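# Coordinate analysis (summary)
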Amino acid sequence: MFDERRSITGIVRGLWITFRSMVLEKPVTIQYPEIKRPVRTRFKGRHVLKRYENGLEKCIGCSLCAAACPADAIFVESAENADDERYSPGERYASVYEINMLRCIYCGYCEDACPTEAIVLGDNYELSFTNRRQAIYTKEMLLETVPQAGKPTPQKVEPGKYLRAVPEMQNPTD
Amino acid sequence: MDYILLLEWVIKAVILLIALVIGFAYLTLYERKVLARIQVRIGPNRAGPYGLLQPLADAVKLIFKEELIPAKADRVIFLLAPVITVLPALTIMAVVPWGDQVTILGRTISLSIANINVGVLYIMAIASISVYGIVLAGWSSNNKYATMGGIRSTAQMISYELALSLAFVGPIMIAGTMNLQEIILVQRRIGWFVIWQPVGALIFMIATLAEVNRAPFDMPEAEQELTAGYHTEYSGMKFALFFMAEYIKMIAVSAIAATLFFGGYLGPFIDRLPWLGPLYLLIKVAILLFFMIWVRATLPRFRYDRLMAFGWKVMFPLSLLNIMATAIVLILVGG
């Protein structure tokens, strides 16, 4: 048997709690499409292919991300760089770079595997598709915009300047 | 019978029906808004200013939904059940007065549809009919969850109807009449009956929650056990009719509670401005509806055996005691 006296005071206290939260508390709702909350610094959203300051792509088409991907979501095809048509430093660049966002589990292993820090999981979480074709993000969609100091790829560069494929890297600061 | 009187009745009935249907539409919005605020949310605010067009959007959605009839359902009863549920909910308001008398174009019109001398009895009789709709809906769906929901609902409504009917008796004994208009006039003289019948009012409020299948007594719709209860197999406008019946019954029992215990349409300046009557009734109904929504937002659903035990072992004896106490006091005071 339950204690009637306690259950009645319990009901009254419960009613008081709900009433208080209605009158005193401000709604926590965020009007989403108009107002967006900032994501955390290490949030794993949609991938971004990074560029150097001068506009060259960081990706060298090594396919290590595709090898690391547990969901087999990444497809990379590489091609040879030339000095008068240069996409990235070093010998090769990614001519095709596709991520199937329906397969991707946003684990970030591709980020860890990348030797040049070219692929980074970004802030965008608004991924929605109406068919499967749309879920495949191509290189053009993933590449970040050219920085102000740089030029778009392919670039015509002086020979022998961009031989080193892997950049100098530092520990993360955030 | 003169035709103008007939016309007057038709107009009043149409106005009441329209008011109830609009009231139903906006009660859904009211409930969603209040629930949202209690849960520290905003609630619907996209359709129109403050979400005021949300009921319209819901109606359009429901109209375009597919109407499904299960293959082995009893078609006639399946189609009839929502209608049987809605009609009593709509007709029950006929005896509730929403004002005294007003004069339009030199004609005195009383602001109630049927001022009958057995108003309370009428309410009890009509309120019991809607349980048929529910149990028939559950049975004709040919679905075990629906059947169980319907049977539970019947058992629950019959159990709580006892306490509900006995809660009606207190005001009847004090007023000495079953006419709702006269019950209100007595309340004008001696004050609201909630002062004289606090226990009766409390029993009435709790029993009406069970009677209209609202939380925490929404046992027939316990979704964890019975999916959606008696309306599991209903879709589209047939589902909307059940929904409408539930919400219109909420409005109706709130109006009846306001009439019996909270002075009905009475309020300040009602003598000089009889048009204030419907407004006062609306305010009282809105407050009582808020109470129902508030209770829904607060209390979890009762377990079924406890619900029945509470109805038979607490509510029923308590309402009998209340009647005995009322009778003794009336005899001692002298009526």
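Look above for the structure.
The present account deals with the structure reproduced in this document. Keep in mind it's a predicted model, so treat the numbers as computed, not measured. (Residues numbered from 1 in each chain as written. Chains lettered and ligands numbered in written order. Predicted model: local features only at pLDDT ≥ 70, side-chain atom pairs only at ≥ 80, totals over all residues.)

This part takes up the overall build of chain A. Within chain A, the secondary structure is distributed over 4 helices and 5 strands. Reading chain A from its N end, one meets helices and strands in the order α-β-α-β-β-α-β-β-α. When its C-alpha atoms are laid out on the principal axes, chain A stretches across 90 × 35 × 35 Å. Across the 174 residues in chain A, those meeting the buried criterion constitute 18%. (Helix = DSSP H or I, 4+ residues; strand = E, 2+ residues; numbered from the N terminus. Buried ≥ 20, exposed ≤ 12 C-beta atoms within 10 Å, placed from the backbone.)

For chain B, the helix and strand inventory stands at 12 helices and 2 strands. Taken against the 2.2 N^0.38 rule, which gives 20 Å for 335 residues, the C-alpha radius of gyration of chain B at 20 Å falls within 12% of a compact globule. Summarising its shape, the C-alpha atoms of chain B cover approximately 60 × 50 × 50 Å along the three principal directions. In chain B, buried positions account for 44% of the 335 residues. (Rg over C-alpha atoms; globule rule 2.2 N^0.38 Å.)

Let us now look at the packing of helix α3 (residues 75-91) of chain B against helix α10 (residues 236-261) of chain B. Relative orientation and spacing of two packed helices are given, respectively, by the angle between their axes and the distance between those axes. All names here are of chain B. Across the interface, α3 lies against α10 with an axial gap of 8 Å and an inter-helix angle of 25 degrees. Here α3 lies roughly parallel to α10, going by the angle between them. Read as a crossing pair, α3 and α10 show a hand that is left-handed. Contacts between α3 and α10 involve Pro82, Thr85, Val86, Ala89 and Leu90 from the first element and Lys238, Leu241, Phe242, Met244, Ala245, Ile248, Lys249 and Ala252 from the second. Its residues assigned to classes, the contact of α3 with α10 shows 10 nonpolar, 1 polar and 2 charged. (Axes fitted to C-alpha atoms, helices over the stretch in contact; angles between N-to-C directions. Parallel < 35°, antiparallel > 145°, perpendicular 65-115°, else oblique. Left-handed = near helix turned anticlockwise from the far one by under 90°. Contact = placed C-beta atoms within 7 Å. Nonpolar A, V, L, I, M, F, W, Y, C, P; charged D, E, K, R; others polar.)

Attention now moves to the interface of chain B and chain A. Taken residue by residue, the interface counts 9 residues in chain B and 11 residues in chain A. Among the elements that make up the side of chain B that touches chain A, the one with the highest residue count is helix α11 (residues 276-298) of chain B (3 residues). A breakdown of the residues in the side of chain B that touches chain A according to their chemical character gives 6 nonpolar, 1 polar and 2 charged.

We now examine the nonpolar core. Ranked by internal contacts, the top residues of the largest apolar core, which has 86 residues, are B:Ala207, B:Ile248, B:Ile251, B:Ala252, B:Ala255 and B:Ala257. Residue contributions to this core peak at 17 residues, all from α10(B). Non-local contacts of B:Ala252, meaning those with residues more than four positions away in its chain, are made with B:Ala89, B:Ile92 and B:Met93. Membership of the second largest hydrophobic core comes to 21 residues, among which are A:Leu56, A:Cys62, A:Cys69 and A:Ala73. (Core = buried A, V, L, I, M, F, W, Y, C linked by C-beta atoms within 7 Å.)

Take helix α1 (residues 3-38) of chain B next. All names here are of chain B. Between the first and last C-alpha of α1 there are 51 Å, a value that for 36 residues agrees with the 52 Å anticipated at 1.5 Å per step. Turning to α1, its buried residues number three or more, namely Leu20, Gly23, Phe24, Leu27, Leu29, Lys33, Val34 and Ile38. Of the residues one or two after α1, Val40 is the one with positive phi, at around 55 degrees. (Expected span 1.5 Å × (residues − 1).)

For the rest of this paragraph, the subject is the pairing of strand β2 (residues 107-110) of chain B. Residue and element names in this part refer to chain B. Note that strand β1 (residues 101-104) and β2 share 4 bridges and pair antiparallel. The residue of β2 that forms the bridge with Val102 is Ile109. Between β1 and β2, which pair antiparallel in sequence order, lie 2 residues; one of them, Leu105, sits at a positive phi of approximately 55 degrees. (Pairing = 2+ DSSP bridges.)

Time to look at the environment of A:Ile136. Residues and elements named next belong to chain A. In this fold, Ile136 is placed in strand β5 (residues 136-137). Given 16 C-beta atoms within 10 Å, Ile136 falls into the partly exposed group. Separated by 62 residues in sequence, Ile136 and Ile74 place their C-alpha atoms 9.5 Å apart.

Note that every value here comes from positions in space, so none of it alone points to a role or purpose.
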